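One-letter residues, chain by chain:
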Amino acid sequence: MEQLPDVRFARADDGVTLGYQVFGRGPVLVWLPSLSNIVAQWRIPALRAAYEGLARDLTVVLYDGRGTGSSDRRVDLGDLGVEAHLRDLRAVLDHAGIRRASLLGYYHSVPTAIAFAAREPGRVERLVLFGGAPRLRDAMSPAQTQALLSLVGQDWGLFADAAATAWLGWDAAPSGRWVADAFRGATTAPVAQAWFEAAGTIDVTAELDRVRAPALVLHRQGAEQIPVEVARRLAARLPGARLVELPGTTPTLFIEGGASDIALVSGFVADGRVARRPAGGLTPREREVLDLLVAGHSNAELAARLGIAVHTVERHLAAVYRKLGVRGRTAAVAHVLRGSSG
């Protein structure tokens, strides 16, 4: 994608203006926001790769919630609960002419996705939920998260740096700086503080039983910031939901998992298929190398994207081939694709 998608503007029922983008082709996936900054997020290579990867098979909608990014910053700080977020979502869908879509609830927006699916089942095809909970304080309760949130009102710049590197696990440079810059530019400290205070009161648990859309609940293994029990309880309460615990150590989608996460989400949104991840006891780095290999990257491109030497890539690939029981690049790709088709 050479040029960034145009930012369009919708207006919610209460007059708040929402900036959003639409790109790609295929079934519609709306990526619901937390503290978002959709224009700045395109400058982060891993996120841009995620957007472009999803857009190969899906029509992707990104938008900034009220008070953030390209959306109206002049908002009522006492009205940032789930009802306000539902107004934002409806406004974007209606302005874009989207009657029915799948929703990706990410972190703060998980309750919004649940509530919308419960209240307007005719408009929701499928749900993909990551990093949140119907009672949002359950996902915000760990000590590390609380320590991070305490920085919001004290030092907004420090919060942005800490959120990017310590909490999300981005490296110090250059991606960590770009993520921190996106956080800093997403909103102001007073708005962010009001967002998080409102989040602590959001609870849509009573609406779980009314959700009829198929749901995929994802959790990244080893992430101390979001306990796996949060995702397990959510999957157990949602009718017919499937839980996939992803390998890795950072509470993110599409970053550590790369192409495998994209294939997992795209397959589910397109036809309800949940792809099996490759077996063989691969390390997180070996999985990352394999993901990029499946995406069609050469060894030199792998090295550049991962910031390692080509001979290190070759060493990882040799280990991948051995563990998968295959000989060479073509066989490894075929092995993964066979697993994804089941």
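Refer to the structure printed above.
Residues numbered from 1 in each chain as written. Predicted model: local features only at pLDDT ≥ 70, side-chain atom pairs only at ≥ 80, totals over all residues. Heavy atoms only, no water.

Caption draft 1: Structural detail: the sheet that holds strand β5 (residues 101–106). With mixed pairing, the eight strands of this open sheet are ordered in space as β1-β2-β4-β3-β5-β6-β7-β8. The sheet terminates laterally at β1 (8–11) and β8 (242–246), the two strands that pair on one side only. Ignoring strand direction, the axes of neighbouring strands in this sheet form an average angle of 25°. Pairing geometry for strand β3 (residues 28–31) and β5, over three bridges, is parallel. The residue bridging Trp31 from the neighbouring strand is Leu104, located in β5. Along the sheet, helix α3 (residues 82–96) makes contact with β1, β2 (17–24), β3, β4 (59–63) and β5, crossing β2 at roughly 50°. (Pairing = 2+ DSSP bridges. Helix = DSSP H or I, 4+ residues; strand = E, 2+ residues; numbered from the N terminus. Axes fitted to C-alpha atoms, helices over the stretch in contact; angles between N-to-C directions. Contact = heavy atoms within 4.5 Å.)

Caption draft 2: Representation of the packing of helix α12 (residues 284–294) against helix α14 (residues 310–324) within the structure. With their axes 9 Å apart at the nearest point, α12 and α14 run at an angle of 90° to one another. The angle between α12 and α14 falls in the class roughly perpendicular. Residue-level contacts link Arg285, Glu286, Val289, Leu290 and Leu293 of α12 to His316, Leu317, Ala319, Val320, Tyr321, Lys323 and Leu324 of α14. (Parallel < 35°, antiparallel > 145°, perpendicular 65-115°, else oblique.)

Caption draft 3: A look at the environment of Leu103. Tracing the chain through its elements places Leu103 in strand β5. Classification of Leu103 as buried rests on a relative accessible area of 1%. C-alpha separation for the pair Leu103 and Ala118, spaced 15 residues apart in sequence, amounts to 12 Å. Not counting the four nearest positions on each side in its chain, Leu103 is found in contact with Leu29, Val30, Leu32, Leu89, Ala113, Phe116, Val124, Arg126, Leu127 and Val128. (Buried < 20%, exposed > 50% of the residue type's maximum accessible area, 1.4 Å probe, protein only.)

Caption draft 4: Quick look at unusual backbone geometry. Its identity is not glycine, yet Tyr107 carries a phi of approximately 55°, on the positive side. One can find Tyr107 in the loop between β5 and α4 (110–119). Residue class for Tyr107 comes out buried when judged on its relative accessible area of 16%.

Caption draft 5: Main features of the nonpolar core. Counting 100 residues, the largest nonpolar core has Val30, Leu54, Leu103, Leu127, Leu218, Leu238 and Phe254 as its most contacted members. If you tally residues by element for this core, the top one is helix α9 (residues 189–199), at eight residues. (Core = buried A, V, L, I, M, F, W, Y, C linked by side-chain atoms within 4.5 Å.)

Caption draft 6: Representation of the pairing of β2 in the model. Summarising the sheet, β1 and β2 pair through four bridges and their orientation is antiparallel. From the neighbouring strand, Phe9 faces β2, where its bridge partner is Gly19. Between β1 and β2, which pair antiparallel in sequence order, lie five residues; one of them, Gly15, sits at a positive phi of approximately 90°. Across five bridges, β2 lies against β4 in antiparallel orientation. Residue pairing across strands places Gly24 opposite Thr59, the latter belonging to β4.

Caption draft 7: The side chain of Thr59, seen in detail. Tracing the backbone shows Thr59 in strand β4. Judged by its relative accessible area of 13%, Thr59 is buried. There is a polar contact of 2.9 Å between the side chain of Thr59 and the backbone oxygen of Gly26. (Polar contact = N/O pair within 3.5 Å; in protein donor to acceptor, adjacent residues only side chain to side chain.)

Caption draft 8: Quick peek at the packing of aromatic side chains. Enumeration according to the criterion identifies nine aromatic pairs in this entry. Both rings, one in Trp42 and one in Tyr51, keep their centres 4.9 Å apart while their planes meet at 55°; by these two values the pair is tilted. An identical accessibility class is assigned to Trp42 and Tyr51; each is buried. What links up through ring pairs into an aromatic cluster is the set Phe23, Trp31, Trp42, Tyr51, Tyr106, Tyr107, Phe130 and Phe254. Of note, Arg126 hangs over the ring of Phe268, and the distance from its end group to the ring centre comes to 5.8 Å. (Phe/Tyr/Trp six-rings, centres within 6.5 Å; stacked < 30°, edge-to-face > 60°. Lys NZ or Arg CZ within 6 Å of the ring centre and 35° of its normal.)

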